[in-house]
Amino acid sequence: MALQTIFGVDIVKGSSRSREAPHYAVAILNGNVEKYSSVSRFKLLRLIKQYRPGILAVDSITELAENKKDLVSFLRRLPPDVKLVQVTGNEHQEPLTKLGRENGISFNPMVPEEEALAAACLASMGVGYIVSVFEDKTLIKVSRGRSPGRGGWSQNRYRRKVQGRVREKVREIEAKLKDKVYDLHITEGFGGYVNGTFIVNARRSELGIHSSREEDVQVTVTSVEKEAIEFIPLEKKKRDYIIVGVDPGTTTAVAILDLNGKLVEVSSSRVSSVPDIIEHISEMGRPVVIATDVVPPPAAVEKIKRAFNAVLFTPNERIPVEEKVRLARPLGYSNDHERDALAAAVKAFNAYKNKFAQIDKKTPSHLSGDVKALALEGKPVEVALDMLTAPPTAEKPKAPAQAETDVDGRLEELRAQLRRKDEQVEHLRAYVSDLKRELKHLELRLKSQERVIDRLKSKGLDEARKAREVAIRDGEISRLKKEVSGLKRRNAELQSNIDRLKDIRAMEFRGDKAPVKVIESLSRDAILECDRKFGIKAGDVIFIRDAGGGMEAASMLIERGVKALIKGTPMSHLAEEKFFKAGVPVLSREDVPLKFVDGYAVLDPGRLEAAMKRWKEEAADQERRSREERLLGIIDEYKARRAREYRKDSGGRTLQ
């Protein structure tokens, strides 16, 4: 079922009962998710004929048709292999929101597109009932394509030609149905058949015969309609339990393991939202653990965890890069985000691995997954097994004498209950009389209060209008004050930045001190924040307090053409190698002393030039050594090859 295309449909406006033409929100599952916010019924049918889905899922068939006749008419316009599925049940329906919660699907019921997507996802999981209005029989009618006319010299010849063509078409269809069971009713005419009707014991999609119209004959193929609508349950597929590692951010990565630690999937995307991730995870299985590699867990991971009511796993401290590589490398990944998600999932599996192994020893294989899921919820293994395997209790048959005694006792008990009920009825009757008297008194008071209210309404209406206008104006004044306060803060911040930039520009002109722009960490956000405040341009010297960043941030600084970097903490090997290849010196704070002044730093230009010169000399030496090593490797390889050729030639001469 997961491989076929599935349509989810929810009505947006109008209805099958109103004069206004209905419009529908459509969600298409075919490996990806496509959404249409509002399409007409004509476009919906055109999309169905274009994609030919296996399932058309709705939360109620009344959104498509007012009655059975309209429903049959609608289904006749669909391709024969499309199944209409009502996901909320048969004649007795359940709310779509309840079904979503039970199957781990989170959506906003006020948004038709999300309701349509939820219906498609539920159908893909096997939730719902197939709406069946046709028998497994097909009616094929072959008839004349046009009337013989009113008569004339050539009428008989023309009638013989047309009815002969009908006979040929009937025999042609008989040949195609030779392997099927069918009944044929024929009306014979002059020179052939007036019409022929087949009733075939097979579905229309199995025959390969379609309605058609030719010059002299027409063929109509329709399914035989049932007397009443039937609801046939979809087979609900069992979803496996999974452990999910999530690395949210600009690029979101998801890694999925089964409860044996085997990799199910690892993927990443720059365009997936949290609802998209939840939907994708739901399609892959039933998450029992949602894992992350950082402490505290990000808000997106918390949302995903709540959507599935799963256990949240976080490490005691942030996982080092070396450990992430060690955990994820055996399973394979494509980028750093997939590595982090995979490391989180593997770390979570390792935390529960011993418990899972004990459960595997104590439980049958077919119950292992369910017991592990209950154990993660905090239930002991023995209790979980009892919950899954406890047989229904049966009452022991009683002896005849004991049964008779029980009947007498039960009869006396019922009589006592009847006497108590009679007493309660008398008390209730007296109570009802008291309530009636009190009700009359309250009705009189109510009329008096209504007269008072009418007087107060006429008097206080103007005051209420004034108070409402004052409240509206007070709210507007409060909003404008907040806006002015925010603009003042923004203005002060911009003025402070301007003053700092003036100081930096003055030092650049004097040349006695070189300004250094400070970035808090080697990350994309920190670089953009510094660029917003001070502007990062070609030739700038940058100080990075926390240099433990990634390749993307390094590329951003290289693209801006910075002159040199001063690191406050050790830098990752990959980032430093990227700066080395780009020819950007990476200096230590010990090599170039800094003095911090109001958000930026200054240094001695001479010390900077000397440090850069040393870096460039070391870089040149390193490059020279690298070239020498490559050359020596080529020479050694050549020597080895010549030695092998010599031994081969010597061996051949000895044999001769």
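I will try to describe carefully the structure that is included in this document.

Before going further, it helps to spend a moment on the overall build of the protein. Within the protein one finds 16 helices and 21 strands. Looking at the protein as a whole, 35% of its 656 residues are labelled buried. In the protein, once contacts between residues fewer than 6 apart in sequence are set aside, the share between residues at least 24 apart is 60%. Carbon and sulfur atoms provide 51% of the accessible area of the protein, an area that totals close to 40600 Å².

Note that alanine 228 resides in strand S10 (residues 217-233). With 94 residues separating them in the primary sequence, alanine 228 and phenylalanine 134 have C-alpha atoms 9.2 Å apart. The contacts of alanine 228, once residues within four sequence positions are left out, are Lys68 and Ser132.

This part takes up a nonpolar patch on the surface. On the surface, Leu631, Leu632 and Ile635 cluster together into a nonpolar patch covering about 270 Å² of accessible area. Relative to the helices and strands, leucine 631 resides in helix H16 (residues 605-655).

Another aspect to go through is the side chain of arginine 339. With respect to the helices and strands, the residue arginine 339 is situated in helix H9 (residues 336-362). For arginine 339, a relative accessible area of 10% corresponds to the buried category. Those residues in contact with arginine 339, other than ones at most four positions away along the chain, are Val321, Lys324, Val325, Ala328 and Tyr333.

In this model H9 runs 39 Å from its N-terminal to its C-terminal C-alpha over 27 residues, within 8% of the 39 Å that 1.5 Å per residue would give. In H9, a bend of some 50 degrees at lysine 353 exceeds every other bend along the element. Between a side-chain oxygen at the N-terminus of H9 and the backbone nitrogen of histidine 337 the separation is 3.1 Å; the capping residue is asparagine 335.

Quick look at the environment of isoleucine 48 now. Among the structural elements, isoleucine 48 can be located in helix H1 (residues 41-51). A residue is classified by how much of its surface remains accessible, and isoleucine 48, at 0% relative accessible area, is buried. A C-alpha to C-alpha distance of 9.9 Å links isoleucine 48 and isoleucine 28, two positions 20 residues apart in sequence. If we skip the residues at most four places from it in the chain, isoleucine 48 touches Phe7, Pro53, Leu56, Leu78, Pro79 and Val82.

Our next topic: a negative patch on the surface. A cluster of like negative charges, contributed by Glu590, Asp591, Glu617 and Glu618, occupies part of the molecular surface. Tracing the backbone shows glutamate 618 in helix H16. Note on glutamate 618: relative accessible area 52%, which makes it exposed.

To continue, consider the layout of surface pockets. What the largest pocket holds in volume is close to 1500 Å³. Lining the largest pocket we find 40 residues, and of these Asp336, Arg339, Asp340, Gly549 and Gly550 sit closest to its centre. Of all elements in the fold, only helix H8 (321-328), H9, helix H13 (524-533), helix H14 (551-559) and helix H15 (573-582) reach the threshold of two or more residues within the lining of the largest pocket. In the lining of the largest pocket, the residues fall into 14 nonpolar, 13 polar and 13 charged.

Let us look at the nonpolar core. In terms of nonpolar packing, the biggest core is built from 27 residues, with Phe7, Leu44, Leu56, Leu71, Leu75, Leu78 and Leu84 touching the most fellow members. Residue assignment for this core shows that the elements contributing at least two residues are strand S1 (6-13), strand S2 (23-29), H1, strand S4 (55-58), helix H2 (68-76) and strand S6 (129-144). Those residues within four positions of leucine 75 in sequence are excluded, and the remaining contacts are Leu84, Val133 and Phe134. Among the nonpolar cores identified, the runner-up in size contains 24 residues, and Ala255, Leu327, Ala341 and Ala343 belong to it.

Side chains Ala564 and Ile566 project from strand S18 (residues 564-567) onto one buried face, and the interleaved Leu565 and Lys567 project onto a second face that is buried too. When strand S17 (residues 541-546) meets S18, the two strands line up parallel, connected through 4 bridges. In the strand pairing of S18, valine 541 is matched with alanine 564. In this fold, the crossover linking S17 to S18 by way of H14 has right-handed handedness. With 3 bridges joining them, S18 and strand S19 (residues 586-588) adopt parallel strand pairing. Residue pairing across strands places isoleucine 566 opposite leucine 587, the latter belonging to S19. Remark: the S18/H15/S19 crossover connection has right-handed handedness.

What follows covers the pairing of strand S3 (residues 33-40). Judged from the 6 bridges that link them, S2 and S3 form a sheet pairing that is antiparallel. Note on S3: the bridge partner recorded for leucine 29 is valine 33. Where S2 folds back onto S3 in an antiparallel hairpin, the turn is made up of 3 residues, including glycine 31, whose phi is positive at roughly 95 degrees.

Criteria and thresholds
Residues numbered from 1 in each chain as written. Predicted model: local features only at pLDDT ≥ 70, side-chain atom pairs only at ≥ 80, totals over all residues. Heavy atoms only, no water. Helix = DSSP H or I, 4+ residues; strand = E, 2+ residues; numbered from the N terminus. Buried < 20%, exposed > 50% of the residue type's maximum accessible area, 1.4 Å probe, protein only. Contact = heavy atoms within 4.5 Å. Areas by Shrake-Rupley, 256 points an atom, 1.4 Å probe, with all protein chains shown as cover. Patch = residues over 30% accessible without salt bridge, like charges linked within 9 Å, V, L, I, M, F, W, Y side chains within 5 Å. Salt bridge = Lys/Arg side-chain N within 4 Å of Asp/Glu carboxyl O. Expected span 1.5 Å × (residues − 1). Bend = angle between axes of the 7 residues up to and from the residue. Polar contact = N/O pair within 3.5 Å; in protein donor to acceptor, adjacent residues only side chain to side chain. Lys, Arg positive; Asp, Glu negative; His and termini not counted. Charge placed at Lys NZ, Arg CZ, Asp CG, Glu CD. 1 Å grid on protein atoms, 1.4 Å probe; cavity = no way out; pocket = protein on both sides within 12 Å on 5 of 7 lines; lining within 4 Å. Points joined across faces, edges and corners; volume = space filled by probe spheres on them. Nonpolar A, V, L, I, M, F, W, Y, C, P; charged D, E, K, R; others polar. Core = buried A, V, L, I, M, F, W, Y, C linked by side-chain atoms within 4.5 Å. Pairing = 2+ DSSP bridges. Right-handed = clockwise from strand over helix to strand, strands pointing away.

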